[in-house]
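Below, each chain spelled out in residue letters.
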Amino acid sequence: AAKWDQSDSDDSSSDSSSSDESKYDDYDFDELPSRAREAALELGYDAEKWDRSMPIPVENLDWEELTEKQRTAATLLGYDAAKWDQSDSDDSSSDSSSSDESKYDDYDFDELPSRAREAALELGYDAEKWDRSMPIPVENLDWEELTEKQRTAATLLGYDAAKWDQS
């Protein structure tokens, strides 16, 4: 039994274990029980990311790569190892047509969430380069040639090594 089963028993969607969704997917961030909100924050969500189903960097990690705190948070939100890894593989392999695109390609620079905007700046974008899809110097680097900060920024924008190297 997941840890959230005992604490939030007033929730009627506890039968979601067979679906690919988190226990709280139908909740807005401000409607989450406090423990679920704390778990979401631990995984990297804020209200905007949660409410808009925006990507978070830990989505690219397998269950065993999560820290103990992240696994506890994910468990509270309705995930176990199988569900977490299944949703991860669905995201990364489901449709190759978008595999060379950033998760924020449809956003103008001024529409980017603040963390995504900071990530774009770290990679060398400014508003003009982002909005006009202009090249940036790091595009010519392979994933392993990026600095740790650049890899973190690229991950936040939806890239992993394979996506970066093929783009």
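Throughout what follows, the structure given in this document is the object of discussion.

Cut-offs and rules
Residues numbered from 1 in each chain as written. Predicted model: local features only at pLDDT ≥ 70, side-chain atom pairs only at ≥ 80, totals over all residues. Heavy atoms only, no water. Helix = DSSP H or I, 4+ residues; strand = E, 2+ residues; numbered from the N terminus. Buried < 20%, exposed > 50% of the residue type's maximum accessible area, 1.4 Å probe, protein only. Contact = heavy atoms within 4.5 Å. Core = buried A, V, L, I, M, F, W, Y, C linked by side-chain atoms within 4.5 Å. Salt bridge = Lys/Arg side-chain N within 4 Å of Asp/Glu carboxyl O. Phe/Tyr/Trp six-rings, centres within 6.5 Å; stacked < 30°, edge-to-face > 60°. Axes fitted to C-alpha atoms, helices over the stretch in contact; angles between N-to-C directions. Parallel < 35°, antiparallel > 145°, perpendicular 65-115°, else oblique. Left-handed = near helix turned anticlockwise from the far one by under 90°. Nonpolar A, V, L, I, M, F, W, Y, C, P; charged D, E, K, R; others polar. Patch = residues over 30% accessible without salt bridge, like charges linked within 9 Å, V, L, I, M, F, W, Y side chains within 5 Å. Areas by Shrake-Rupley, 256 points an atom, 1.4 Å probe, with all protein chains shown as cover. Lys, Arg positive; Asp, Glu negative; His and termini not counted. Charge placed at Lys NZ, Arg CZ, Asp CG, Glu CD.

Describing the overall build of the protein chain
1) Next: Scanning the protein chain from N- to C-terminus turns up nine helices and zero strands.
2) Next: Starting at the N terminus and ending at the C terminus, the protein chain contains elements arranged as α-α-α-α-α-α-α-α-α.
3) Next: Here the protein chain holds 167 residues, and the buried ones make up 38% of them.
4) Next: When contacts within the protein chain are restricted to residue pairs at least 6 apart in sequence, long-range pairs at least 24 apart make up 49% of them.

Looking at the nonpolar core
1) Next: With 21 residues, the main nonpolar core has Tyr104, Leu112, Ala120, Leu123, Trp130, Leu157 and Trp164 as its most contacted residues.
2) Next: Of all the secondary structure elements, the ones that give two or more residues to this core are α6 (114–123) and α8 (148–156).
3) Next: Here the element with the most residues in this core is α6; it accounts for four residues.
4) Next: Among residues more than four places away in sequence, those in contact with Leu112 are Tyr104, Tyr107, Arg117, Ala120 and Trp130.

A short note on the pattern of salt bridges
1) Next: Taken as a whole, this structure holds four salt bridges when the rule is applied.
2) Next: The partner of Asp46 in a salt bridge is Lys49, with the nearest N and O atoms 3.9 Å apart.
3) Next: By relative accessible area, which is 2% here, Lys49 ends up buried.

Quick word on the packing of aromatic side chains
Both the distance between ring centres and the angle between the ring planes are used here to describe each pair of aromatic rings.
1) Next: Counting across every chain of the model gives eight aromatic pairs.
2) Next: Considering the side-chain rings of Tyr45 and Trp50, the 5.0 Å spacing of their centres and the 80° angle between planes classify their relative orientation as edge-to-face.
3) Next: Here Tyr104 and Tyr107 contribute two aromatic rings whose centre-to-centre distance is 5.2 Å and whose plane-to-plane angle is 70°, an arrangement assigned as edge-to-face.
4) Next: With relative accessibility at 16%, the residue Tyr107 sits in the buried group.

Regarding the packing of α6 against α8
1) Next: Where α6 meets α8, the axes come as close as 8 Å, and the angle between the chain directions of the two elements is 135°. Here α6 lies oblique to α8, going by the angle between them. The element α6 and its partner α8 pack so that their crossing is left-handed. In contact with Arg115, Ala116, Ala119, Glu122 and Leu123 of α6, α8 contributes Lys149, Gln150, Ala153, Ala154 and Leu156.

Concerning the packing of helix α2 (residues 34–43) against helix α4 (residues 68–76)
1) Next: Contact pair α2 / α4: the axes reach a minimum separation of 8 Å and the direction vectors enclose 135°. With respect to α4, the element α2 is oriented oblique. Every pair of crossing elements has a handedness; the one defined by α2 and α4 is left-handed. Residues Arg35, Ala36, Ala39, Glu42 and Leu43 of α2 touch α4, and the partners they reach there are Lys69, Gln70, Ala73, Ala74 and Leu76.
2) Next: Looking at side-chain class alone, the contact of α2 with α4 contains six nonpolar, one polar and three charged residues.

Description of the environment of Tyr79
1) Next: Along the chain, Tyr79 falls in the loop between α4 and α5 (81–93).
2) Next: Judged by relative accessible area, Tyr79 falls into the buried class, the value being 15%.
3) Next: Considering only alpha carbons, one finds Tyr79 and Lys23, 56 residues apart in sequence, at a separation of 7.9 Å.

Overview of a negative patch on the surface
1) Next: On the surface, a cluster of negative charge is contributed by Asp108, Asp110, Glu111, Asp126 and Asp131.
2) Next: Owing to a relative accessible area of 37%, Asp108 belongs among the partly exposed residues under this scheme.

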